[in-house]
Structures are given as C-alpha cells and as structure tokens.
Amino acid sequence: MAVNKMAHRNGPLQEKTVNRSKEKLKVLPQEILEDVTVVQLILERNRLKNISGIKNLINLKTLNLSRNDLVDFPVEIAQLVQLETLYLNQNKIQTIPDGIFNQLQQLKFLKLSTNHLSKIPSDLGCCKSLQYLNLSHNSLKDLPEVVLELQNLKELFVEYNRLRELPAKLFENQNLEKFSAASNRLREPPDEVCAGGLKQIRSYFSQLRSSEADYVKRVKTMFLGSSMAGKSTLCKSLKQKQTVAVDVKDRTVGIEISEMKIEDFRFLFWDFAGQEEYYLTHHVFITPQALVILVIDLASYRTEDTQFNSKVGFWINNILMRVPDSVVLPVGTHVDQCGVEDVRDKKEDIQRRIQVMLDNRKKYLERRMDNLKENTEPALFSDQSSKLDELTNYNLQVLDLIPIDCTNYKDIDSFQHHILTAVQDKNIFPNVEKKLPHIYQAVESTITNLIKDKEIPDHGIVSVNEMLSGINHNGSFDRLAQDDLKDILRYLHRIGLIMWYEESTRLVGTVFVKPSFLITLFKMIVRHDLVEQLQSIPRTVLMGEHAFMKDKERWASHFQTKAILYHKAMVALTKNLLQQMDSPEVKDIAEEIIGGRNEKGKLFSLLEHFEIFLALKPSNPLNPEAKEFKPGGKWEQKETDVPSEAYLFPSSLNGIEEVSKWWGEDQKEDLCVRIYFLPEIPQGFFHRVIIKACSFFTPHVVGSGRCHVVSNGKQLLIKENKEDDQNIEIRCRRPGKDGFRFTWDFILSIISKIRKLLDQWPGLYHCLRSPCPFPGCKDDFDWPDMEETAEIYDMVKDEISTCCRGHNHPTELLFPKAPSAPESKEKFQNLTYITNNGNTAFGPTSMTIHRQSLDS
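Going along each chain's sequence as written, the residues are numbered from 1 onward. Side-chain atom pairs in this predicted model are given and counted only at pLDDT of 80 or more, local residue features only at pLDDT of at least 70, and totals for whole chains, interfaces and linings cover all residues. Calculated side-chain values reflect all of the structure's heavy atoms, with hydrogen atoms and water omitted.

**As for the overall build of the protein**
So, point 1. Each helix and strand in the protein was counted, giving 24 helices and 32 strands.
So, point 2. Exposure categories follow from relative accessible area, calculated using a 1.4 Å probe and restricted to protein chains: below 20% of the type maximum is buried, above 50% is exposed, and the middle band is partly exposed. Here the protein holds 856 residues, and 54% of them are scored as buried.
So, point 3. In the protein, once contacts between residues fewer than 6 apart in sequence are set aside, the share between residues at least 24 apart is 60%.
So, point 4. Here the protein displays about 40700 Å² of accessible surface, and carbon together with sulfur accounts for 46% of that area. Only runs of H or I of at least four residues qualify as helices and only runs of E of at least two qualify as strands under DSSP, and these elements are numbered from the N terminus. The contact criterion used throughout is that any non-hydrogen atoms of two residues lie within 4.5 Å. Note on areas: Shrake-Rupley, 1.4 Å probe, and residue coverage restricted to the protein chains presented here.

**Some points on the pairing of strand S27 (residues 765-771)**
Each regular strand shows side chains that alternate between the opposite faces of the sheet.
So, point 1. Of all 7 residues making up S27, 6 are buried, and the element is well covered by its neighbours.
So, point 2. Here, strands pair whenever DSSP counts at least two bridges between them. Here S27 pairs with strand S28 (residues 780-782) via 3 bridges, running antiparallel. Opposite Arg769, over in S28, you have Asp782 as the bridge partner.

**Some words on the sheet that holds strand S22 (residues 671-678)**
So, point 1. Taking strand neighbours across the sheet as the criterion, the 7 strands line up as S23-S24-S25-S26-S22-S27-S28 in an open arrangement whose pairing is antiparallel. Every other strand in the sheet has two partners, leaving strand S23 (700-703) and S28 as the edge strands with one partner each. For this sheet, the mean angle separating the axes of adjacent strands, direction not counted, is 20 degrees.
So, point 2. Pairing between strand S25 (residues 714-721) and strand S26 (residues 727-732): 6 bridges, direction antiparallel. Within S26, the residue paired with Glu720 across the bridge is Ile728.
So, point 3. Of the strands in this sheet, S22, strand S24 (706-711), S25, S26 and S27 are in contact with helix H23 (residues 740-758), which crosses S22 at around 10 degrees. Lines fitted to the C-alpha atoms define the axes, with helices restricted to the stretch that makes contact. Angles between their N-to-C directions range from 0 to 180 degrees.

**Description of the nonpolar core**
So, point 1. Definition used in this section: a nonpolar core is a set of buried Ala, Val, Leu, Ile, Met, Phe, Trp, Tyr and Cys residues joined via side-chain atoms within 4.5 Å. The biggest cluster of nonpolar side chains holds 168 residues, and the ones touching the most others in it are Leu41, Leu63, Ile77, Leu124, Leu133, Phe179 and Ile316.
So, point 2. Here Leu124 is in contact with Phe101, Leu110, Leu130, Leu133, Val146 and Leu150, once residues within four sequence places are set aside.

**Focus: unusual backbone geometry**
So, point 1. Geometrically, the link from Glu188 to Pro189 is a cis peptide bond, its omega value of -10 degrees lying close to zero.
So, point 2. Counting through the fold element by element, Pro189 comes out in the loop between strand S8 (178-180) and helix H2 (191-194).
So, point 3. Across the junction of Leu678 and Pro679, the peptide omega takes the value 10 degrees, indicating a cis bond.
So, point 4. Not every positive phi belongs to a glycine, and His546 is a case in point at roughly 55 degrees.
So, point 5. Inspection of the secondary structure assignment puts His546 in the loop between helix H15 (539-544) and helix H16 (549-562).

**Notes on H23**
So, point 1. Expected span of a helix: the number of residues minus one, times 1.5 Å. For H23, spanning 19 residues, the distance from its first C-alpha to its last is 27 Å, which sits close to the expected 27 Å at 1.5 Å a residue.
So, point 2. Of all the 19 residues making up H23, 14 are buried; the element is thus mostly covered by neighbouring parts of the structure.

**Section: the packing of aromatic side chains**
So, point 1. Working definition: rings of Phe, Tyr and Trp (its six-membered ring) pair if their centres are within 6.5 Å, and the pair is stacked with planes under 30 degrees apart, edge-to-face with planes over 60 apart, and tilted otherwise. Evaluation of the coordinates by the stated rule reveals 25 aromatic pairs.
So, point 2. Taking 5.1 Å as the distance between ring centres and 90 degrees as the angle between the ring planes, the aromatic pair formed by Tyr501 and Phe610 counts as edge-to-face. Of this pair, Tyr501 sits in the loop between helix H12 (482-494) and strand S18 (510-512) while Phe610 sits in the loop between helix H20 (602-609) and strand S20 (614-616); the two residues are 109 residues apart in sequence, bridging distant segments of the chain.
So, point 3. Ring geometry for Phe677 against Phe685: centres 5.5 Å apart, planes inclined by 65 degrees, an arrangement best described as edge-to-face.

**As for the pattern of salt bridges**
Two side chains bearing opposite charge may form a pair once their charged atoms approach each other closely.
So, point 1. We define a salt bridge as a contact between a side-chain nitrogen of Lys or Arg and a carboxyl oxygen of Asp or Glu at a distance within 4 Å. Going through the model one piece at a time under the given rule, you end up with 44 salt bridges.
So, point 2. Where Asp458 meets Lys454, a salt bridge forms, and the shortest distance between an N and an O atom there is 3.4 Å.
So, point 3. When its relative accessible area of 57% is taken as the criterion, Lys454 is described as exposed.
So, point 4. Overlapping salt bridges, with partners in common, bring together Asp666, Asp670, Arg674, Lys719, Glu729, Arg731 and Arg733 in one network.

**Describing the sheet that holds S20**
So, point 1. Taken in spatial order, the 3 strands of this open sheet run S19-S21-S20, and their pairing is antiparallel. The open sheet has two edge strands, strand S19 (564-566) and S20, and neither has a second partner. Here the average twist between neighbouring strands, direction ignored, is 30 degrees.
So, point 2. Bridging between S20 and strand S21 (residues 646-648) involves 3 bridges; their strand directions are antiparallel. Its bridge partner being in S21, Ala615 is matched across the sheet by Tyr647.

**A word on the pairing of strand S16 (residues 433-437)**
So, point 1. Of all 5 residues in S16, 4 are buried, a share of seventy percent or more.
So, point 2. Looking at chain direction, strand S9 (residues 213-224) and S16 are connected through 5 bridges and run antiparallel. Directly across from Asp214, in S16, lies its bridge partner Leu436.

**Observations regarding the packing of helix H22 (residues 685-696) against H23**
So, point 1. It is at 10 Å that the axes of H22 and H23 come closest, and there the two elements cross at 135 degrees. Accordingly, the angle class assigned to the pair H22 and H23 is oblique. As for the relative orientation of H22 and H23, their crossing is right-handed in sense. Contact with H22, carried on its side by Phe685, Arg688, Val689, Lys692, Ala693 and Phe696, involves Ile750, Lys753, Ile754, Leu757 and Leu758 of H23 and no other residues of that element.
So, point 2. Charged means Asp, Glu, Lys or Arg here, nonpolar means Ala, Val, Leu, Ile, Met, Phe, Trp, Tyr, Cys or Pro, and polar covers whatever is left, Gly included. Looking at the contact of H22 with H23 residue by residue, the class counts come to 8 nonpolar, no polar and 3 charged. Convention used here: angles under 35 degrees read as roughly parallel, angles over 145 as roughly antiparallel, angles from 65 to 115 as roughly perpendicular, and any remaining angle as oblique. Each crossing gets its handedness from the near helix: less than a right angle anticlockwise from the far helix is left-handed, clockwise is right-handed.

**Some remarks on the packing of helix H4 (residues 231-240) against helix H9 (residues 409-424)**
So, point 1. Orientation of H4 relative to H9, taken along the N-to-C sense of each, is 85 degrees, at an axis distance of 10 Å. Overall, the two elements H4 and H9 adopt an arrangement that is roughly perpendicular. In contact with Leu234, Ser237 and Leu238 of H4, H9 contributes Ile412, Phe415, Gln416 and Ile419.
So, point 2. A breakdown of the residues in the contact of H4 with H9 according to their chemical character gives 5 nonpolar, 2 polar and no charged.

**Looking at the side chain of Glu729**
So, point 1. With respect to the helices and strands, Glu729 occurs in strand S26.
So, point 2. On the basis of relative accessible area, Glu729 is assigned to the buried category, the value being 4%.
So, point 3. Definition of a polar contact: a pair of N or O atoms within 3.5 Å, with one able to donate and the other able to accept a hydrogen when the atoms are protein atoms, and with sequence-neighbouring residues admitted only if both atoms are side-chain atoms. A polar contact of 2.7 Å, which involves the side chain of Glu729, links it to the side chain of Arg674.
So, point 4. Among residues more than four places away in sequence, those in contact with Glu729 are Asp666, Cys672, Val673, Arg674, Leu717, Ile718, Lys719 and Asn721.

**A few points about the environment of Phe109**
So, point 1. Tracing the backbone through its elements, the reader meets Phe109 in strand S5 (residues 109-111).
So, point 2. Remark: the alpha-carbon pair of Phe109 and Leu86, spanning 23 residues in sequence, is separated by 6.1 Å.
So, point 3. The contacts of Phe109, once residues within four sequence positions are left out, are Glu84, Thr85, Leu86, Tyr87, Leu130 and Tyr132.

**A look at the environment of Ile564**
So, point 1. Assignment of secondary structure puts Ile564 in strand S19.
So, point 2. With 84 residues separating them in the primary sequence, Ile564 and Leu648 have C-alpha atoms 4.5 Å apart.
So, point 3. Dropping the residues within four chain positions of it, Ile564 is found in contact with Trp555, His558, Phe559, Leu616, Ala646, Tyr647 and Leu648.

**Let's talk about the side chain of Lys22**
So, point 1. Mapped onto the elements of the fold, Lys22 is located in the loop between strand S1 (16-19) and helix H1 (30-33).
So, point 2. On the basis of relative accessibility, which here comes to 15%, the residue Lys22 falls in the buried class.

**Some points on the environment of Leu813**
So, point 1. Within the secondary structure, Leu813 is located in the loop between strand S30 (808-810) and strand S31 (834-836).
So, point 2. With relative accessibility at 12%, the residue Leu813 sits in the buried group.
So, point 3. Each C-alpha atom of the pair Leu813 and Trp744 lies 9.6 Å from the other, and the pair is 69 residues apart in sequence.
So, point 4. Setting aside residues no more than four positions away along its own chain, Leu813 makes contact with Leu671, Arg734, Phe740 and Trp744.

Coordinates in, geometry out; function isn't part of it.
See below:
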C-alpha cells in the first residue's frame, strides 16, 4: 500500500479508505474529520447538504459525494489540494463559485453530471491534469470555452444539455479518446453526425475546413394513425399537389416512403400502416426530431373514452415513449362527412383529452418523485429520481388540430402552408437547419443521379464497395475514401434516406439505397393477410420448393395455431411475391434476398436483426430411458416435434395452455418481481422480451403474453399484465435454503434484458416492485436503484423487510440477497456455468466422463 507523505512521530501514516455510503448521514461524523490518514472517502447515497469540516482531510485524494442533497457547491473542497478524483454527480448544485478549481491542480477525474448547472467557472482551466470530465444532464447552452484549455482531457461527456453547437477546436485535442453529446439537438455538428462517434466528428470538422458548408433544411415527417384514417390519401395528395383518392384495397401495407420539396424545405414522408400487425416494426423507424402528423378520422370519431384511446391516446402514448421531444400535428380528416358544429365539438374534445393525458402523466411522474423523496432512504432511489426528472423535462409539443377535407384541394393547399409555417417557427423547430460539409450533399446528389441513370438497380440493394465505386466514378469531387463514405452513409441512414445496418455482421456490407424496397421485404412476412397469402401460393412455386398443395394448408394452420412459420413456407411465400413484381432486376436477386441451400438470405438477416421472429433451434431433450452415455457410443435422443427450420412469431400467439401445463398455478411462495410501465407497455415490447429470453435459455415454452424458461432445472415464468397498472411479472419457484443466490441470478438475467430493451423507449418510465407475499395484501416493496452486479446483493441490507401493513418477510424473498451465513467452500468446488447453443445454467453441476479423446 502506498505511504502517505505526512509524517508521524512513530513513522509515516498509512493510506486509509473510509466507506460510509448508504448510512443516511446528514452531517460528516467527527471521527472521520479527525482522521487525517483518510485518502479515499466514499459518502455516496446519503442526505448530506453540506460537508463542513472536510478541509481537515488534507491528504484526501478521492472524494465521492454523489447522490446526496448538496445545493451549494462545498467551498471547503478548494483546500483539498491533493484531490485527484471528485464525484459530485446527482446532487442539486446550481452554481460553482470561482476560486475552487484553481486550487485543485492535481485533479484528474471530475463528475458533475445530473445537477442544475448553467455555466462552469473559468478557473477549471487550471486543472491541467484533468483527464475525465462529465457534465451530462445539466442546463448548459454552450460548451464552456474553458474546456478547450484542458489539453490532457481524455474523456468528455456533455449529454442531455441544451447545446446547439460544438467548437471545432475541441476536437483538435488528440488526447481526447471518448466523447458523447447525445440528446442535445445539435446543429453543428448535427446529432446524426455526432452519433457516429469521435472519429466522424473530427472528419466532419476537417471537411468543413477544406470546403464550403451547406445549410440543409430537411424534416422527416411521419404519418401515424389508425387504419383507414386517411393517412395515405393526405400524404399522396400533398406529394402530387392534387386530391388523390386511395381505394381500400390500396391501403398502406407496412410503411411507404416518399419525398417532396416545399420552398427551401425538403420533407421526407413516412406513411405508417395503421393495422395492429404492423406496430411491431414501427418503433424501428420512428425517430427523434421529426414532425409527426397524427391523422384522425373525425367522421367515425365519437366523444367517448374508448374512441379517444384507440384513435388518439394510443398514438400519443407511443410517440411519448419512443420520441418524447417530437412535434405532433393532429389532423382531422373526412370533415366532408361531418357537420360544422360536429367538427368543432370533436376538435375541442380531442384537444382537451390530449392535454388531460399530458397533464396526468406529468402529475403521476411528480407524485412518484415525491414518494421517492419521502422514502425513509431517498438516497437509495436517486437514479430513479434523476430519470423521473428527465422525463418531466421532455417537451412533447402537440399543435392545434387541423380539420381537413381531403377531397377539396384548397384544404390540401392550406394544410401544406400550415406545415411550412410550423417548421419555419424557431419556437417549434429551433434546430431544423443543419450545417454540413459540401461533400455530404455532393455524395447524396450523386446517389440520386445513380438511381435516375439506372446505375443502381430498381431494388436499390448494393454492396458498400459497389456504392463506393459508383460514387467515385460519377461524382464531381476528389476520390472518396471508404471511411468517408461510411460516415456519410451513417448520416443518411439516421435521417432515413437510405438504410445501412453496420451493427449487423451479416448486413454491414449491404446498403439499401431505397428504403421503400426494404419495407417491401418486411411486408412480405409482416402483414395482416399472411394466412391468405400462404394459401394463395400457386402449385408451380410449391413444386420448386418440393412441396405439395396440402403443405401450404399445414403451414397456414401451424401459423394460426402455434405462430410458427416454416422456413420452406417463408421461402415459397417470398418467391411468389417477388415473381409478382414487374421487375427483372428484383427477380435476379431473389437468391440474395431469400438465400440458397447453404446460406440464408438478407430477408432472414433483416427479420432476425429487428427481432421479428425467434429462430427455433431443434432441441434434443434428455431421454430418461436412455442408457449411460459413453464417448463413442450412440446418444439415445427423445423424439421432438420442433421442425428443423422454423420461426416463432410470439406476437401472433393466442393461447396459454401449453405454458400453464408446464408452469402450473402461481404459488404464494414464489419469488416474484413486477416491472411497472408508464404510460403502458409498448406495442411489441413483450414480443421482443420473449425473443431475448428464449434466445438465451433454450428450454422454453411460449404462449400469448406468457413465456416459461428453464435453466439448470429451475423454472421461471415471464408474464405480461396489460390490465390497469401494466407490468411484466417475473416468477420463480421458491428455492431451498441454499438456492436463493442462483434463483435471483436467473431473475436478474431476465431483468437485465428488459432494462436493455428499455433504452429504445427513452420516454417510458418503469419501476421494479416485489409484491408482499402475505395472502390478500396489496402492498409492494419498491426496489432501490440497481447498481453494479457485485453490489446488487447488498441493495437491501436488512435481514427482514416489513410492508406498510406490518407484514414481515425474510428479505431474500423480495430482493436479491446474499446468504446471511457463508456457504461452505466445498459447495462451490463443482460450480459450473455452462453456455451451449444459447442454454445457460446457474448453479452446481456434475458430469462423469468415462473416456475422452482430444485428438480432434
């Protein structure tokens, strides 16, 4: 251990670490302030409002004051001249006085995230040794110039502020290795560029220095609403500048994309289908900083709760959860079928109910925040409080509803003017204009010309290398490097102009230049009339797949009853639909889309990437009647009815009988955790939970809103509850005395997957609770913040937990809890974690091997 420089009459003092976190401290204990040997002091998750006396700890090098109640910056910190690491995140600090940081010249790590800071003092530049700085989740409108003086800075985080521009000089610092400015609505560089990481940002500024800049005004415009509300009619009428009648049979299937220009603005129209079957893919393409046109059929609308919830409330909630800082423009269609007073009354009703929705949501979040603050240990819930604070600060702007008659071009023209006025309003779209290097626009124009000149096929599927070659051959600029092309493709992907999935190893080499064709591929499988399409496959296509007419009836029946689609059925269905397209080029790439004998095509890669289905792995269950297995001998397998190549579509499941058969009845002794969601569980969310869980734990049974998985003999049930307070419930049978750790590991692995999915719905609030096991009791136990894995088992230290009604329970029945008595060393000697083909086992296992050959 390092020796402190301060001398003592009996020799040098030894460095000392003191951890007094989670102790409800309101003042610093005197015994700490008198101990000058303390070098590391951890005081996180307490109730400290000041730290008077801290200046006595003159040898302090690390001070952790995160998650306390500090409002004023502790000025005594200026006297801790040996300080190297300082945590002050998740407090309530509003200002930092001058004269602090110029004393802290040894400081290397500073975390000030999640406070209320609007500026940073200029003397921070004196911290020449600073390598890490986190200013995220504050109220900064400009990046402090003083940051540019920190030439040794390696990591900088400024997420969730109010920044509009980043200085180019910042990225000249070659020591900077990590940087993030997510969720700032940046104009320069645009968010879509920043999302590409530090390398792309540096490239962006380098290109700006070497060429002129373009100022681009492009708005992604998403048309949402229930089926037959008039979205396609409105979208096409705007695009064609005339009234367009859309027949019922021509309604949108999946998503349709088009582009139009109004004055100097370019609008990228995305028309989303309103049928429930398509909601599964919507969240993938609904992106931030967009104009959402919510189309409502006023003729069929009734001023009733059920009508509002299905035609308006459902969509507002989904926008809130997925893109909570968007702008929503409600449009009332079919007014030609309504009276003047009827239109007025329905408009007022819709606008009033939307406002009530938004107000109630905010009140609930504020009430939940108050409840956490009133908790006996509020510091244990500081992460949740910070998330609630973030959610209440989101500003979903809902504009006044515009009634429109789509059969009257004057209304269409007026609506176009209304859209233009909205996007020109800086209060509504403060950052609509983006600054880009000229090469970005030049490459985009070249791609457009390649499409027009038929250099790119009708389907728009090309490899990255082909794209690079075509651009360099036809572009009027210096030869483009592949890395520069990837930066631009990344940007075009994020604004929705092309699709390039670089995170997928099987799709990274492919660019979908025409997103509309990509959607066409989705529509071949994700569609409301899938069964009818299966039944319509002609004999000629079936014969090509070595199938008979009776097979397609079996395929349709299997999908209707078990939500399973055979690989051969998907191939035959796709081939049939591709053949119906009047495009030789599309037919030429059928094998690339569908795949061949030894490799699956891009369609399957896409569906798997977006977690539309679960690829079923043919399992070989253990045969209890099998003889002892010996290497070299035959493995006696049990027969299984799972097809060798098939896919499960969980959202299409109807029954729960199979799950009930394996799980049985819920028992009051079960370990149970519920994850509650506000405003609701997103459409398709549980579908993806099932796919995540079943991909990891191979033994599983799935039903409608149910999933039963098994690991190392332990059963676990995941259940979706969509009544009243919507939640996902996770249950495990109560283990024996020595099995709690492994059972909680199992539960936590599912919770981890759900929390990871939640990242894709930034406006969705969730909290974890364990219900009181006492029969008839309705109380819940709130889970504190989930920390690092190593500390999860200490989140609740008490051995007994008591609900509000006085029922006492061992804590390990409610929260992850380490055994109170140490388990024997011998018990862990045979502990094995096995991961094989997606199957994970927790706990002690044993294996007897008679003979083993390692030759191969």
